[in-house]
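This is what each chain is made of:
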Amino acid sequence: MQQFDYHNPTHIVFGQDRLAELDKLVPADAHVMVLYGGGSVQRNGTLEKVRQGLGQRRVTEFAGIEPNPRFDTLMKAVEVVRRDGVDFLLAVGGGSVMDGTKFVAAAAPYAGEESDLLKSGFTPIPISEALPLATVATLPATGSEMNMGAVVSHEGGKFPVMSPLLFPRFSFLDPTLTFTLPAHQVANGIVDAFVHVVEQYVTFPVGAQVQDRTAEGILRALIEVGPQTLANPNDYDARANLMWSATCALNGFIGAGVPHDWSTHMIGHELTALFGIDHAQTLAIVLPSLWRVRQEQKRAKLLQYAERVWDIREGSDEQRIELAIERTQSFFESLGVKTRLSDYGVRAEQIDEVVEALTAHGMVALSETGDLTPEISREILQGAY
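Chemist: Can you walk me through the overall build of the protein in this structure?
Modeler: Assigned secondary structure in the protein consists of 14 helices and eight strands. Its C-alpha radius of gyration of 20 Å places the protein within 12% of the 21 Å reference for a compact globule of 385 residues. Counting over 385 residues, the protein shows a buried share of 58%. Taking contacts inside the protein between residues at least 6 apart in sequence as the whole, the part at least 24 apart equals 78%. Summed over all atoms, the accessible surface of the protein reaches about 15,500 Å², with 49% contributed by carbon and sulfur. Looking at charge distribution, the protein has the averaged site of its 31 positive side-chain charges lying 3 Å from that of its 48 negative ones.

Chemist: How should the nonpolar core be read in this particular structure?
Modeler: One broad trend across soluble globular proteins is that nonpolar side chains are buried collectively. Judged by nonpolar contacts, the single largest core of 64 residues is most densely connected at Phe194, Val198, Trp291 and Tyr305. If one sorts the elements of this core by residue count, helix α6 (residues 183-201) sits on top with 10 residues. Setting aside residues no more than four positions away along its own chain, phenylalanine 194 makes contact with Leu219, Leu222, Ile223, Tyr305, Thr328, Phe331 and Phe332. With 36 residues, the next largest nonpolar core counts Leu35, Ala106, Tyr110 and Leu117 among its residues.

Chemist: Any chance you could explain the packing of aromatic side chains here in plain terms?
Modeler: Geometry of an aromatic ring pair is reported as the spacing of the ring centres plus the angle between the planes. For the structure shown, the criterion picks out 11 aromatic pairs. Measuring from centroid to centroid gives 5.5 Å for phenylalanine 194 and phenylalanine 331, while their planes differ by 45°, and the two rings are tilted. Here phenylalanine 194, found in helix α6, pairs with phenylalanine 331, found in helix α12 (residues 317-334); they are 137 residues apart in sequence, far enough to count as distant. Ring centres of tryptophan 310 and phenylalanine 331 lie 6.4 Å apart, and the angle between their planes is 65°; this geometry places the pair in the edge-to-face category. One end of the pair, tryptophan 310, is in helix α11 (residues 299-310); the other, phenylalanine 331, is in helix α12, and 21 residues separate them in sequence. As far as burial versus exposure is concerned, tryptophan 310 and phenylalanine 331 are alike and both buried.

Chemist: I tried to follow the sheet that holds strand β1 (residues 11-14) on my own but got confused; where do I start?
Modeler: What holds strands together in a sheet is hydrogen bonding between their backbones, with the strands either parallel or antiparallel. Here six strands make up an open sheet; going across it, the order is β1-β8-β5-β4-β2-β3 and the pairing parallel. For this open sheet the edge positions go to β1 and β3 (58-62), each flanked by a neighbour on one side alone. Shown here is a sheet whose adjacent strand axes are inclined to one another by a mean of 20°, direction ignored. As paired elements, strand β5 (residues 133-137) and strand β8 (residues 170-173) share three bridges and run parallel to each other.

Chemist: Looking at this structure, how should I read the pairing of strand β7 (residues 157-162)?
Modeler: In regular strands, side chains alternate between the two faces of the sheet. With five of six residues buried, β7 is to be regarded as a mostly interior element. Pairing geometry for strand β6 (residues 149-154) and β7, over six bridges, is antiparallel. Residue pairing for β7: alanine 150 is matched across the bridge by valine 161. Remark: two residues form the turn of the hairpin made by β6 and β7, two consecutive strands paired antiparallel; glutamate 155 in that turn has positive phi of roughly 50°.

Chemist: Looking at this structure, how should I read the packing of helix α9 (residues 263-275) against helix α13 (residues 351-360)?
Modeler: When two helices pack together, you describe them by how their axes are tilted relative to each other and by the distance separating the axes. Axis separation between α9 and α13 bottoms out at 10 Å; the angle between their running directions is 115°. Between α9 and α13 lies a crossing of right-handed hand. Touching Met266, Ile267, Glu270, Leu271, Leu274 and Phe275 of α9 are Glu353, Val354, Ala357 and Leu358, all from α13. Split into classes, the residues belonging to the contact of α9 with α13 amount to eight nonpolar, no polar and two charged.

Conventions adopted
- Residues numbered from 1 in each chain as written.
- Predicted model: local features only at pLDDT ≥ 70, side-chain atom pairs only at ≥ 80, totals over all residues.
- Heavy atoms only, no water.
- Helix = DSSP H or I, 4+ residues; strand = E, 2+ residues; numbered from the N terminus.
- Rg over C-alpha atoms; globule rule 2.2 N^0.38 Å.
- Buried < 20%, exposed > 50% of the residue type's maximum accessible area, 1.4 Å probe, protein only.
- Contact = heavy atoms within 4.5 Å.
- Areas by Shrake-Rupley, 256 points an atom, 1.4 Å probe, with all protein chains shown as cover.
- Lys, Arg positive; Asp, Glu negative; His and termini not counted.
- Charge placed at Lys NZ, Arg CZ, Asp CG, Glu CD.
- Core = buried A, V, L, I, M, F, W, Y, C linked by side-chain atoms within 4.5 Å.
- Phe/Tyr/Trp six-rings, centres within 6.5 Å; stacked < 30°, edge-to-face > 60°.
- Pairing = 2+ DSSP bridges.
- Axes fitted to C-alpha atoms, helices over the stretch in contact; angles between N-to-C directions.
- Left-handed = near helix turned anticlockwise from the far one by under 90°.
- Nonpolar A, V, L, I, M, F, W, Y, C, P; charged D, E, K, R; others polar.

Shown next, in the form of structure tokens:
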């Protein structure tokens, strides 16, 4: 096992009908900005419950944070925060709203050029303070409710924003708030969580038995409860397990002391930026092909994944690996998430645009070993076509 530091300060409030407890957790004298996306949190009553939970506090609302939150939109929120003296942020929504809120928390007190906060990659951004923030999660997918990371879109790219100062102080996870989600959003969330796990798990062995077994448990849970949530949207137990699985997929625990490979995400980000494909759909496109291209580098963990997650124990190494990849691809397809670039109207010659974008954004040494070049990315994309 590799050396690691692990600290996660986020207080999780899990369960049904607990938003009244906001009154106990938000400072009594706070000027709160509630940030959200479209009208769904208004239509389903979540926003009104949040307002009630905040009681008599001064509240400013900021709506319109889009999927793949844009820098320009978030800067409008930053301007309001600075102008009105907001001192506590509350994200109500899915991963994009939570990510956007984290950027606002970092940018509002920042004295430099705010776009510089998009230049650090996976290294913590250069800030010494951030506004306190919390979340009410309405979509199980990204794990942003219990981690220190965000992704912000700007000028045709998607950029990580990371800092220990951006952990939510607390996050409400009420499975019933997800009951009205469209099926395609639920399916996307399942895929997103699944890929978060495997990018910390299907790398190379370092003897981290607790992390491996926990990752395998999350994957098996997603395989089991994912279809259940789609078949019966009001199944509380299935939704509860999906929601907690998505949170645990990226709260740092299974990634402590093990190598990571975020190549699927980095390639996928470019597909979203260039073609508008949903984030999770890009992951479903890239992952199977990446595993086929990189199976020698990932052989030991792919075999472990085949046996422990899919119960594949017979056949040659190559046969077991290929069957595990096929099972993964079939799982995504069974959720209604297509796994080929051609399924989304991307033309073969447009792969060159993706490779050029990866190069322009510095994504030239990806993978757990830093040897995944743009030409290998091209091979992966061609295999995904």
